[in-house]
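Summary of the model geometry
The lines below spell out each chain.
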Amino acid sequence: MKVAGRPYRTIWPSTDGQAVEIIDQTRLPHALVTVRLATLDDAARAIRDMLVRGAPLIGATAAWGIWLAVRADPSDESLAQAHASLLATRPTAVNLRWALDRARARLQPLRAGERAAAARQLAVEVCDEDVALNRGIAAAGLPLICALAARKPAGHPVQILTHCNAGWLATVDVGTATAPIYAAYDAGVPIHVWVDETRPRNQGASLTAWELLHHGVPHTVIADNAGGHLMQRGQVDLVIVGTDRTTATGDVCNKIGTYLKALAARDNGVPFYVAAPSPSIDWSIGDGLRRIPIEERSARELSHLAGRLPDGSVATIALLPDGSPAANPAFDVTPARLVTGLITERGVCAATTAGLRELFPDRAGVAEEPTR
Ligand code: MRU
């Protein structure tokens, strides 16, 4: 995507061929800063501290992290250690395990001397594939928005609500939930996006709003608690969110607060879609509530807030009374029954075992639990 006319991806090999560069998302929206990752530890830290975040980008960064590790030491031990240390960075997004297992399967059979080049090739592949998958999601999701637009009175945009950031910043490029949104906007379909602020880390307010602003998409940031009210007033036509892990039965794990939006959408007859590229689908599990590990992040993300002061500097302030404990579960699970459909790179399907099986006959069918 373009920022001030310049095309960007969220991660790319440095021009000297010795490292990887990323956009530091902890600095947005106040500064666009790039950071160089030169070692495995740099890559692991970038994921853990959320300089990069969003399920697909976490997977892509891990693939580059494997390259950084085997370039320094191509031994079996180094490969195993890199796999383990990257896997431990964040527990919920299944794209991380997907990318790491893919890298290990590709590299392990090779001789040590062949591994660095193969790891680099694999990281490039993972990134390019991510962009292609997201273009598939754009194509699959665009007709949903066009169908709603056809039913709107002239001059009334399709009102789309999204949660967290499942935009191009959460991927290598294009985004998942935002892919159909950008496609609709680029096709001239009148749209307006309600952007959930997404406490506590504010990925909606800081990242999604920044993206939409730079692309020119009309949008309004709302407090997380406002979505239900807007739906009751008929001001939301469609919800599209991303996913960190969708099970083989269609349960959707995504940023904390997604479940509440799905409940409000169901109560108000608003379609609730999830943009789910196949690397975000965990074919090995069925019951998302029981089986998906939910990341618990630092209470400090809740108790403190960073923002820009009038002089342009960024400061962190405390919000809570000193001594009040805070809890910070970072994801929740929306049961499949609340999901209208999954927008995948192969088309839109029901959030059910059968729906997924129809689109992915090559991969489905390994879930051990039945749909609840
Ligand atoms: O904690 P984050 O910012 O990594 O969480 C991101 C989300 O929850 C996204 O919605 C999800 O990863 C899908 S990104 C295309």
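Just above, that's the structure.
So, here is what we can say about the structure in this document. These figures come from a predicted structure and were not determined experimentally. (Residues numbered from 1 in each chain as written. Predicted model: local features only at pLDDT ≥ 70, side-chain atom pairs only at ≥ 80, totals over all residues. Heavy atoms only, no water.)

This part covers the sheet that holds strand β16 (residues 331-334). Strand pairs in the sheet, formed through backbone hydrogen bonds, run parallel or antiparallel to each other. If you walk across this open sheet you meet the four strands as β13-β10-β11-β16, and the pairing is mixed. Each edge of the open sheet is held by one strand with a lone partner, namely β13 (281-282) and β16. Here strand β11 (residues 252-255) runs beside β16; their pairing, made up of four bridges, is antiparallel. Each residue of the ladder has a partner; that of N254, found in β16, is D332. Contacts from helix α9 (residues 258-267) reach β11 and β16 within the one sheet, and its direction differs from that of β16 by about 30°. (Pairing = 2+ DSSP bridges. Helix = DSSP H or I, 4+ residues; strand = E, 2+ residues; numbered from the N terminus. Contact = heavy atoms within 4.5 Å. Axes fitted to C-alpha atoms, helices over the stretch in contact; angles between N-to-C directions.)

Here P7 is to be found in strand β2 (residues 6-7). Under the relative-accessibility criterion, P7 is labelled exposed at 58%. Taking the C-alpha atoms as reference points, P7 and E358, 351 residues apart in sequence, are found 36 Å from one another. Setting aside its immediate chain neighbours within four residues, P7 contacts M1 and K2. (Buried < 20%, exposed > 50% of the residue type's maximum accessible area, 1.4 Å probe, protein only.)

What follows deals with the site of the ligand. Around the ligand lies a shell of 19 residues, among which R53, R90, D244, N254 and K255 are the nearest. Here an oxygen atom of the ligand and a side-chain polar atom of N254 are 2.7 Å apart. Burial of the ligand by the protein amounts to 100% of the accessible area it has alone, namely 410 Å². Taken together, the elements giving at least two residues each to the shell around the ligand come down to α2 (55-72) and β11. (Near = heavy atom within 4 Å. Polar contact = N/O pair within 3.5 Å; in protein donor to acceptor, adjacent residues only side chain to side chain. Areas by Shrake-Rupley, 256 points an atom, 1.4 Å probe, with all protein chains shown as cover.)

On to unusual backbone geometry, then. A cis amide bond links L28 with the next residue in sequence, P29, at an omega value of 5°. Within the element layout of this structure, P29 appears in the loop between β4 (20-23) and β5 (34-37). Note that the residue after R199, namely P200, is joined by a cis bond; omega there is 5°. Considering the arrangement of structural elements, one finds P200 in the loop between β7 (191-196) and α7 (203-215). At T198, a residue that is not glycine, the phi angle is positive and equals roughly 70°. Its location among the elements puts T198 in the loop between β7 and α7. By relative accessible area, which is 1% here, T198 ends up buried.

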